[in-house]
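Each chain, letter by letter, is given below.
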Amino acid sequence: MGIMMSSDILIVTNGTKESFPAIEQGAWLAADLNLPIMLLGITERLDPAAIDSTHPLEDVFERAVSVFKAREVAYRLEVRNGSAEKVLPYEAKQNESIVVLGPLGRPQLQRMMAGRSIRHFIEEIEQPLLYVPETRVPVKKILIAVGGLGYDVNAEHIAMQVAVKSGAEIVLLHIVPPIDLNYPTAQAVSKNWQHLTETDTPVGRSLRKSLENAQTAGLSASVKVRHGNVIEEIVAESQEGNYELLCMGSSYSVHSLRQMYSANVTAEIMERVRCPVMTARFRDASV
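Predicted model only: the values in this text are computed from it and were never measured.

1. Some thoughts on the side chain of glutamate 156
Item 1. Positionally, glutamate 156 belongs in helix 6 (residues 153-166).
Item 2. Look at glutamate 156: it is buried, it has no salt bridge, and the nearest opposite charge is lysine 209 at 8.6 Å.
Item 3. A polar contact of 2.9 Å, which involves the side chain of glutamate 156, links it to the side chain of serine 210.
Item 4. Apart from the residues lying within four places of it in its own chain, the contact partners of glutamate 156 are Ile144, Val146, Leu172, Ser210 and Asn213.

Written as structure tokens, this is what we have:
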């Protein structure tokens, strides 16, 4: 199991109000996991004419520091110039950080021209990534989307660390997609989807193992299985269940050919749900 330990929480802001929920959620996470914060302010556009006016990051930094002090977390502040797409992946590689960011409040036309930046960050950042469209603290209910292929081991590990510290309840969610493939495992999963944990399928075994891990850690945990389109069902469950955190694994890697033809499920979900979403890339310990 290639589980990584994080050294700090790297929170990103470009000074916009849309990026502030990441600061609040990141401060809560740092206090929960007892990790220091590096707040990275990225100046995306420097206007030479505005040299004497207030720097766009000043107000946000001032507000952020008061949040960090209230949470009693250690922090440091850094400023970089350039586009977030270039600066952030570089900075993330410097430490084994959990990266926390929110929408960067860019004009709609710019987003349309450049594509959604969150997709770029998922591709470029290997560290666990927490995307925060809205602050949801304290975290008392965590949804972990379990694919059953082992890609979610790192996301699940972080979610359980958070749950242990905050006393959160965990719901393990597996989606059984509509299946037209005629092979025994698919048929067994499809036929028994309402009691998957009792089946001797890879998904059934994976769910039992996750449940066991949670219970061993003293957590309140349950399994939920839904049937249908993976993205639609994860979005529906996250909205209906009033979760403060959604955790998902990702098979994204340079070696993963399936990403060439499969929808980027994590990014699509991040673009549609309002609760914070944590994704952690699968790492094979043998690599």
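2. Concerning helix 1 (residues 20-33)
Item 1. Taking 1.5 Å per residue, 14 residues should reach 20 Å; helix 1 reaches 20 Å between its end C-alpha atoms and fits that length.
Item 2. Within helix 1, twelve of the 14 residues are buried, which leaves it mostly tucked inside the rest of the structure.
Item 3. Once helix 1 finishes, asparagine 34 follows within two positions and takes phi at roughly 55 degrees, a positive value.

3. Notes on the packing of aromatic side chains
Item 1. Going through the model one piece at a time under the given rule, you end up with one aromatic pair.
Item 2. On the numbers, 5.5 Å between centres and 45 degrees between planes, the contact of phenylalanine 68 with tyrosine 75 is tilted.
Item 3. Here phenylalanine 68 falls in the buried class, since its relative accessible area comes to 0%.
Item 4. When the ring centre of phenylalanine 20 is taken as reference, the NZ or CZ atom of arginine 63 above it lies at 3.7 Å.
Item 5. It is lysine 141 that lies over the ring of tyrosine 243; its NZ or CZ is 4.8 Å from the centre.

4. Regarding empty space enclosed by the protein
With a probe scaled to a water molecule rolled over the atoms, the places where space remains empty come into view.
Item 1. What the rule picks out here adds up to two cavities of 30 Å³ or more.
Item 2. Estimates place the volume of the second largest cavity at around 50 Å³.
Item 3. If you go around the second largest cavity, the residues you meet are Gln25, Trp28, Leu29, Leu130, Val139, Val162, Leu245 and Met278.
Item 4. For the lining of the second largest cavity, the element with the highest residue contribution is helix 1, accounting for three residues.

5. Digging into the packing of helix 1 against helix 2 (residues 56-71)
Axis angle and axis distance: for two packed helices, these are the angle between their axes and the distance between the axes, and together they describe the pair.
Item 1. For the pair helix 1 and helix 2, the least separation of the axes is 10 Å and the interaxial angle reads 25 degrees. Our classification of the angle between helix 1 and helix 2 gives roughly parallel. Here the hand of the crossing between helix 1 and helix 2 comes out right-handed. Counting all contacts with helix 1, which are made through Phe20, Ile23, Glu24, Ala27, Trp28 and Ala31, the residues of helix 2 involved are Val60, Arg63, Ala64, Val67, Phe68 and Arg71.
Item 2. For the contact of helix 1 with helix 2, a count of residues per class yields nine nonpolar, no polar and three charged.

6. Structural notes on the packing of helix 9 (residues 230-240) against helix 10 (residues 265-272)
Item 1. For the pair helix 9 and helix 10, interaxial distance at closest approach is 10 Å and the crossing angle is 40 degrees. Crossing angle aside, the handedness with which helix 9 passes helix 10 is right-handed. In this structure, helix 9 contributes Val230, Ile231, Glu232, Ile234, Val235 and Gln239 to the contact, and helix 10 contributes Val265, Glu268, Ile269 and Arg272.
Item 2. Its residues assigned to classes, the contact of helix 9 with helix 10 shows six nonpolar, one polar and three charged.

The rules behind each value
- Residues numbered from 1 in each chain as written.
- Predicted model: local features only at pLDDT ≥ 70, side-chain atom pairs only at ≥ 80, totals over all residues.
- Heavy atoms only, no water.
- Helix = DSSP H or I, 4+ residues; strand = E, 2+ residues; numbered from the N terminus.
- Buried < 20%, exposed > 50% of the residue type's maximum accessible area, 1.4 Å probe, protein only.
- Lys, Arg positive; Asp, Glu negative; His and termini not counted.
- Salt bridge = Lys/Arg side-chain N within 4 Å of Asp/Glu carboxyl O.
- Polar contact = N/O pair within 3.5 Å; in protein donor to acceptor, adjacent residues only side chain to side chain.
- Contact = heavy atoms within 4.5 Å.
- Expected span 1.5 Å × (residues − 1).
- Phe/Tyr/Trp six-rings, centres within 6.5 Å; stacked < 30°, edge-to-face > 60°.
- Lys NZ or Arg CZ within 6 Å of the ring centre and 35° of its normal.
- 1 Å grid on protein atoms, 1.4 Å probe; cavity = no way out; pocket = protein on both sides within 12 Å on 5 of 7 lines; lining within 4 Å.
- Points joined across faces, edges and corners; volume = space filled by probe spheres on them.
- Axes fitted to C-alpha atoms, helices over the stretch in contact; angles between N-to-C directions.
- Parallel < 35°, antiparallel > 145°, perpendicular 65-115°, else oblique.
- Left-handed = near helix turned anticlockwise from the far one by under 90°.
- Nonpolar A, V, L, I, M, F, W, Y, C, P; charged D, E, K, R; others polar.

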